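Descriptive structure summary
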Amino acid sequence: MNCKETQRLLVPYINGELEEKEEEEFVRHVRHCPECYEELEVYSTVFAGIRQLDGAEEKIDYRTLVQDSLANSEEDLRDEHFLGMYAFLLRAAATMVLFYMMIRWFF
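Residues numbered from 1 in each chain as written. Predicted model: local features only at pLDDT ≥ 70, side-chain atom pairs only at ≥ 80, totals over all residues. Heavy atoms only, no water.

**A few points about the overall build of the protein**
- A count of helical and extended segments in the protein gives five helices and zero strands.
- Counting helices and strands in the order they occur from the N terminus, the protein gives α-α-α-α-α.
- Among the 107 residues that make up the protein, the fraction classed as buried is 23%. (Helix = DSSP H or I, 4+ residues; strand = E, 2+ residues; numbered from the N terminus. Buried < 20%, exposed > 50% of the residue type's maximum accessible area, 1.4 Å probe, protein only.)

**Section: the packing of helix H3 (residues 20-32) against helix H4 (residues 34-53)**
- One way to put it is that H3 packs onto H4 with a least axis distance of 5 Å and a crossing angle of 110°. Overall, the two elements H3 and H4 adopt an arrangement that is roughly perpendicular. Across the interface between the two elements, Phe26, His29, Val30 and His32 of H3 pack against Pro34, Cys36, Tyr37 and Leu40 of H4.
- When grouped by side-chain class, the residues that make up the contact of H3 with H4 number six nonpolar, two polar and no charged. (Axes fitted to C-alpha atoms, helices over the stretch in contact; angles between N-to-C directions. Parallel < 35°, antiparallel > 145°, perpendicular 65-115°, else oblique. Contact = heavy atoms within 4.5 Å. Nonpolar A, V, L, I, M, F, W, Y, C, P; charged D, E, K, R; others polar.)

**Notes on a negative patch on the surface**
- Negative charge collects at one region of the surface, where Glu35, Glu38, Glu39 and Glu41 lie side by side.
- Position of Glu35 among the secondary structure elements: in helix H4. (Patch = residues over 30% accessible without salt bridge, like charges linked within 9 Å, V, L, I, M, F, W, Y side chains within 5 Å. Areas by Shrake-Rupley, 256 points an atom, 1.4 Å probe, with all protein chains shown as cover. Salt bridge = Lys/Arg side-chain N within 4 Å of Asp/Glu carboxyl O. Lys, Arg positive; Asp, Glu negative; His and termini not counted. Charge placed at Lys NZ, Arg CZ, Asp CG, Glu CD.)

**Quick word on H3**
- For H3, with 13 residues, the first-to-last C-alpha span of 19 Å sits near the 18 Å given by 1.5 Å per residue.
- Listed as buried for H3 are Glu23, Phe26, Val27, His29 and Val30. For H3, the angular spread of the buried residues around the axis is 165°, confining them to a single face. Structural note: H3 exposes Lys21 and His32 on the side pointing more than 90 degrees away from its buried face. (Expected span 1.5 Å × (residues − 1). Arc of directions from axis to C-beta.)

**Focus: the packing of aromatic side chains**
- In the structure shown here, the tally under the stated rule is one aromatic pair.
- For the ring pair Tyr13 and Phe26, a centre distance of 4.6 Å and an interplane angle of 25° mean the geometry is stacked. Taken together, the positions of Tyr13 in helix H2 (residues 10-14) and Phe26 in helix H3 put the pair 13 residues apart, joining distant regions of the chain.
- The buried category is assigned to Tyr13, whose relative accessible area is 6%. (Phe/Tyr/Trp six-rings, centres within 6.5 Å; stacked < 30°, edge-to-face > 60°.)

**A few points about the nonpolar core**
- Counting 14 residues, the largest nonpolar core has Tyr13, Phe26, Val30, Leu40 and Leu70 as the members making the most contacts within it.
- Within the residue set of this core, elements represented by two or more residues are H2, H3, H4 and helix H5 (65-106).
- For Leu70, the contacting residues outside a window of four places in its chain are Tyr13, Val27, Val30, Arg31, Tyr37 and Leu40. (Core = buried A, V, L, I, M, F, W, Y, C linked by side-chain atoms within 4.5 Å.)

**Quick word on the confidence of the model for the protein**
- Chain-level statistics for the protein give a pLDDT mean of 78 and a share of 75% at 70 or above.
- Least confident of the elements in the protein is H5, whose mean pLDDT is 71; most confident is helix H1 (residues 3-8), at 92. (pLDDT = per-residue confidence, 0-100.)

**Let's talk about the pattern of salt bridges**
- Scanning all chains against the criterion turns up two salt bridges.
- Where Lys21 meets Glu25, a salt bridge forms, and the shortest distance between an N and an O atom there is 3.6 Å. Remark: Glu25 and Lys21 occur in helix H3; sequence separation between them is four residues, near one turn of the helix.
- Looking at Lys21, the relative accessible area reads 58%, which means it is exposed.
- For Arg28, the salt bridge is made with Glu24, and the minimal N-O distance between the two is 3.2 Å. Of this pair, Arg28 and Glu24 both sit in helix H3, four residues apart, which is roughly one turn of that helix.
- When its relative accessible area of 23% is taken as the criterion, Glu24 is described as partly exposed.

Here it is as structure tokens:
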């Protein structure tokens, strides 16, 4: 993902509207690009301030706003990857059990 694509996704990221793959690429880029990180800080601060003025959020720690957001995204993505792997292993185990039962049935 390049800077132009990342900047196009700033608002959807802040609003939690990105697909898993997009969010993963977005977070990876922002972690390694100081310019995009700074843009995310600006957008996040403005959006959080607006939400706070509207009374939608409690007191906000603006110093850690972006770091917390990126850390939460990374944690959510790790959880989704873990659940995906867990589901794959469950399907594989079920397939093996069915295969074993079919072999026992026919032999």
